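Coordinate inspection notes
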Amino acid sequence: MIDDVFVFDATVHSFNLDASNVQPNRWAVTLHRAFMDWHEQYASGPDLLSESEYLRDWPAEALTEILFRETMTDMGGHHTLRMDSWFKDGFDSFEKNLEISQRWPQRYVIYLGVDPTVGQGALDELRSQHEAIPDAVGLKIYPAQVDPYRSWRADDREKAFPLFELVGELGLKTVAFHKALAVMGVPTEPYRIDDIEGAAMAFPDLNFEIVHAGNAFLEDTAHLIGRFENVYANLEITSLLSAQRPVLFDEIMSTLLYWGGAEKILYATGCMEWHSQAIIEAIYRWQPSEEMQRRYQLAPLTDKERKLIFGENYARMLGLDLAQCRKGIENDEFAKATKELGLAEPYSHWRARCAAL
Amino acid sequence: MTASFLPVDEKTILHALGSLYDPCSLATSRPVTIVELGLVRSVSVSAAGTVTLTLVTTSPGCLFYAQLSEAVRDTINALPGVHSVEILLDTSTAWTPADMTVELQAARRDGLLAATGVRPRQWKES
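Below: a short report on this structure. (Residues numbered from 1 in each chain as written. Chains lettered and ligands numbered in written order. Predicted model: local features only at pLDDT ≥ 70, side-chain atom pairs only at ≥ 80, totals over all residues. Heavy atoms only, no water.)

Here we take up the overall build of chain A. Counting its regular elements, chain A contains 16 helices and 12 strands. Here chain A has a C-alpha radius of gyration of 19 Å; the compact-globule value for 357 residues is 21 Å, and the two agree. For chain A, the proportion of contacts with a sequence separation of at least 24, taken over those separated by at least 6, is 78%. When the accessible surface of chain A is summed, it comes to about 13,700 Å², and 50% of that surface belongs to carbon and sulfur atoms. Positive and negative side-chain charges in chain A, numbering 34 and 56 respectively, have mean positions lying 1 Å apart. (Helix = DSSP H or I, 4+ residues; strand = E, 2+ residues; numbered from the N terminus. Rg over C-alpha atoms; globule rule 2.2 N^0.38 Å. Contact = heavy atoms within 4.5 Å. Areas by Shrake-Rupley, 256 points an atom, 1.4 Å probe, with all protein chains shown as cover. Lys, Arg positive; Asp, Glu negative; His and termini not counted. Charge placed at Lys NZ, Arg CZ, Asp CG, Glu CD.)

Pasting the structure below:
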């Protein structure tokens with residue numbers, strides 16, 4: 001909570017960045033290295049981890065300590081990732097998600113994860129994951145795999161629509177698409193967003209999140225959230241720009257606000273990839289610049305709009321009652337510890353764990 | 001040069017360049033001046049009347065740069081208080097749509113609106 005604003009991070013991760021998890025292909029080796037480079041590029045001071053601290057298999061407990069003891073985050077959306085052709089366990093395994101769902105159900109909502117490029121197998125696996133985590137709220141998917149390269153489109157009636165039909169049948173509320181950030185060394189086309197409208201139109205009862213919204217294809221993304229009630233801009237990694245590239249963030253947020261409105265933007269960070277406390281504070285302070293206010297005829301952001309972006313939109317999209325969410329966490333172990341000790345230093349829990357290994 | 005020589009000022013130069021249109025915008029029947037488009041990165045004038053002006057092109061491979069820079073030179077040379085003109089090409093930073101004036105960006109957005117039929121927050125109408 002920052003002031004009285006509920007902070008619901010729509011995308012959080014517990015990556016397995018250990019070198020032993022990297023698939024033996026050139027795309028995987030490059031991407032693994034890139035994660036370290038990105039962290040170094042965008043983190044500084046206590047938010048910056050050394051290579052020996054960062055390139056490890058991050059347990060769910062570490063993510064949980066960071067989010068709820070070191071930041072003002074109240075709840076998070078944790079995704080099973082199926083980047084199978086880059087990382088042997090998919091990068092954020094189903095087992096971690098299962099653990100999270102069992103140990104801290106008051107603090108997380110769960111996204112299942114499958115690789116649609118395997119066809120029928122993805123449907124079978126989704127059913128199986130849902131049986132294990134019946135309270136899951138969403139599905140996270142990637143538009144392409146490598147080695148060999150293959151991609152798919154969300155508006156493909158044969159390859160994608162059966163998956164979305166199953167998502168609806170299982171009662172999941174949302175499908176989160178990794179978009180805009182093209183994985184290195186592969187074609188950009190699958191990371192464009194022009195396939196989302198076909199899915200959004202065909203499945204009006206499902207919600208679709210464009211994850212990393214605005215990192216690329218900003219205008220297209222803004223138009224899409226402006227046109228479709230069931231499409232949302234998820235700010236994972238985009239939010240990092242608030243603290244590190246404020247001019248760019250200003251343009252992205254203002255464009256999304258103008259076309260989609262505050263109701264269509266979901267706060268998300270991708271923490272633990274970067275520590276999220278500085279991001280929370282930067283977005284909380286953010287106002288459209290005078291230039292953006294002129295360009296888009298925007299008024300300064302109101303407290304009401306801030307609450308929407310930080311959590312109310314996400315809760316509404318998932319059909320959650322935020323008052324109940326608040327009640328569920330107000331006296332848990334993290335709330336008690338934070339009340340007693342205050343927020344801990346960035347990554348202090350993780351550094352202590354690394355030192356003990 | 002006499003002691004009464006009064007060098008031209010930057011505002012006068014930009015005003016004059018406001019009459020020069022970007023060749024590509026003319027070709028597409030949507031005329032935009034090079035100032036509106038943000039192709040003039042910087043202008044400075046020395047006490048001796050030497051004008052130094054930095055241009056950028058919308059694309060690194062712009063075929064019209066020679067033509068454009070000559071038109072800029074001729075326009076500035078025609079102004080009183082100009083002794084000489086030096087034109088530089090900015091190759092270090094790329095032009096982006098954000099370099100356009102706020103007014104041109106708004107007009108472009110309105111044109112896009114008309115072309116696509118998308119309205120802001122259209123989802124609320126459903």
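This paragraph deals with the overall build of chain B. Summing up its helical and strand segments, chain B has 5 helices and 3 strands in all. Sequence-ordered secondary structure for chain B, helices as α and strands as β, is α-α-α-β-β-α-β-α. In summary, chain B has a C-alpha radius of gyration of 18 Å against a globular reference of 14 Å for 126 residues, an excess of more than 25%. The buried share of chain B, reckoned over its 126 residues, is 36%. Taking the contacts inside chain B whose residues are at least 6 apart along the sequence as the reference set, 60% of them involve residues at least 24 apart. Of the roughly 7,300 Å² that chain B leaves accessible, carbon and sulfur atoms contribute 58%. Treating the 9 positive side-chain charges of chain B as one cloud and the 12 negative ones as another, the clouds have centres 13 Å apart. (Buried < 20%, exposed > 50% of the residue type's maximum accessible area, 1.4 Å probe, protein only.)

For the rest of this paragraph, the subject is the pattern of salt bridges. Residues and elements named next belong to chain A. According to the stated counting rule, one finds 27 salt bridges over all chains in the structure shown. Close ionic contact of R295 with E251 constitutes a salt bridge, the shortest N to O distance being 3.2 Å. Placement of R295 in helix α12 (residues 290-296) and of E251 in helix α10 (residues 246-260) is noted, with a sequence separation of 44 residues between them. (Salt bridge = Lys/Arg side-chain N within 4 Å of Asp/Glu carboxyl O.)

Glancing now at the interface of chain A and chain B. Taken together, the 20 residues of chain A in the interface contact 16 residues of chain B. The contact between chain A and chain B buries some 1,600 Å² in all, and 57% of this surface belongs to carbon and sulfur atoms. For the salt bridge of E263(A) with K124(B), the shortest nitrogen-to-oxygen distance reads 2.9 Å. At the boundary of chain A with chain B, the tally comes to 8 residue pairs in polar contact (both at pLDDT 80 or more). Elements with a minimum of two residues in the side of chain A that touches chain B: α8 (218-227), α10 and α12 of chain A. Tallied by class, residues from the side of chain A that touches chain B come to 6 nonpolar, 5 polar and 9 charged. (Buried area = accessible area lost by both parts, 1.4 Å probe. Polar contact = N/O pair within 3.5 Å; in protein donor to acceptor, adjacent residues only side chain to side chain. Nonpolar A, V, L, I, M, F, W, Y, C, P; charged D, E, K, R; others polar.)

What follows is about the environment of D321(A). Mapped onto the elements of the fold, D321(A) is located in the loop between α13 (303-318) and α14 (322-329). Reaching out from D321(A), the side chain makes a polar contact with the backbone nitrogen of A323(A) at a distance of 2.9 Å.

Moving on, we come to empty space enclosed by the protein. Over the atoms rolls a probe the size of a water molecule, and in doing so it shows where empty space is left. Residues and elements named next belong to chain A. One pass over the structure, following the stated rule, counts 1 cavity of 30 Å³ or more. Roughly 30 Å³ of volume is contained in the largest cavity. Lining the largest cavity we find M253, I283, W286, L301, R306, I309 and F310. In terms of residues, the lining of the largest cavity owes the most to one element, α13, which gives 3 residues. Taken together, the residues that form the lining of the largest cavity break down as 6 nonpolar, no polar and 1 charged. (1 Å grid on protein atoms, 1.4 Å probe; cavity = no way out; pocket = protein on both sides within 12 Å on 5 of 7 lines; lining within 4 Å. Points joined across faces, edges and corners; volume = space filled by probe spheres on them.)

Below, the discussion takes up the pairing of strand β3 (residues 84-89) of chain B. Look at any regular strand and the pattern is simple: side chains alternate between the two faces of the sheet. All names here are of chain B. Note: strand β2 (residues 50-55) against β3, 6 bridges, orientation parallel. Across the sheet, the residue bridging to T50 is S84, located in β3. Where the polypeptide runs from β2 across helix α4 (residues 65-77) and back to β3, its parallel neighbour, the crossover connection is right-handed. (Pairing = 2+ DSSP bridges. Right-handed = clockwise from strand over helix to strand, strands pointing away.)

Okay, the sheet that holds strand β11 (residues 231-234) of chain A next. Residues and elements named next belong to chain A. Judged by pairing direction, the sheet is parallel, and its 8 strands sit side by side in the order β1-β2-β5-β6-β9-β10-β11-β12 without closing on themselves. Both outer strands of the open sheet, β1 (8-12) and β12 (265-266), are each paired with one neighbouring strand and no more. Where β1 lies against strand β2 (residues 75-79), 3 bridges are found, and the strand directions are parallel. Looking across to β2, one finds that F8 is bridged to M75.

Moving on: the sheet that holds strand β1 (residues 40-45) of chain B. Residues and elements named next belong to chain B. Taken in spatial order, the 3 strands make up an open sheet running β1-β2-β3, and their pairing is mixed. Whereas interior strands pair on both sides, the edge strands pair on one side only; in this sheet they are β1 and β3. Across the sheet, the mean angle from the axis of one strand to that of its neighbour is 15°, orientation sign disregarded. Each of β1 and β2 is contacted by helix α1 (residues 10-17), which is oriented at about 140° to β1, the strand it contacts most. Sheet contacts for α4: β2 and β3; angle to β3, the most-contacted strand, approximately 150°. (Axes fitted to C-alpha atoms, helices over the stretch in contact; angles between N-to-C directions.)

Here we come to the nonpolar core. Counting residues in each nonpolar core, the largest one holds 111 residues, and the members touching the most others are W58(A), W86(A), L126(A), F164(A) and F208(A). Ranked by residue count, the leading element in this core is α10(A), at 7 residues. Not counting chain neighbours up to four residues away, the residues in contact with W58(A) comprise S14(A), F15(A), N16(A), L17(A), L49(A), E53(A), I66(A), K96(A), M272(A), Y347(A) and W350(A). Within the second largest apolar cluster, 26 residues are counted, among which are A16(B), V43(B), V51(B) and W95(B). (Core = buried A, V, L, I, M, F, W, Y, C linked by side-chain atoms within 4.5 Å.)

Next up on the list: the layout of surface pockets. Here the largest pocket defines a volume of roughly 570 Å³. Around the largest pocket, the lining is made up of 28 residues, and of these L218(A), E251(A), R295(A), P97(B) and A98(B) lie nearest the centre. Put simply, the parts of the chain that give the lining of the largest pocket at least two residues each are α8, α10 and α12 of chain A together with α5 (102-116) of chain B. The element that contributes the greatest number of residues to the lining of the largest pocket is α10(A), accounting for 7 residues. For the lining of the largest pocket, the residue count by class is 14 nonpolar, 6 polar and 8 charged.

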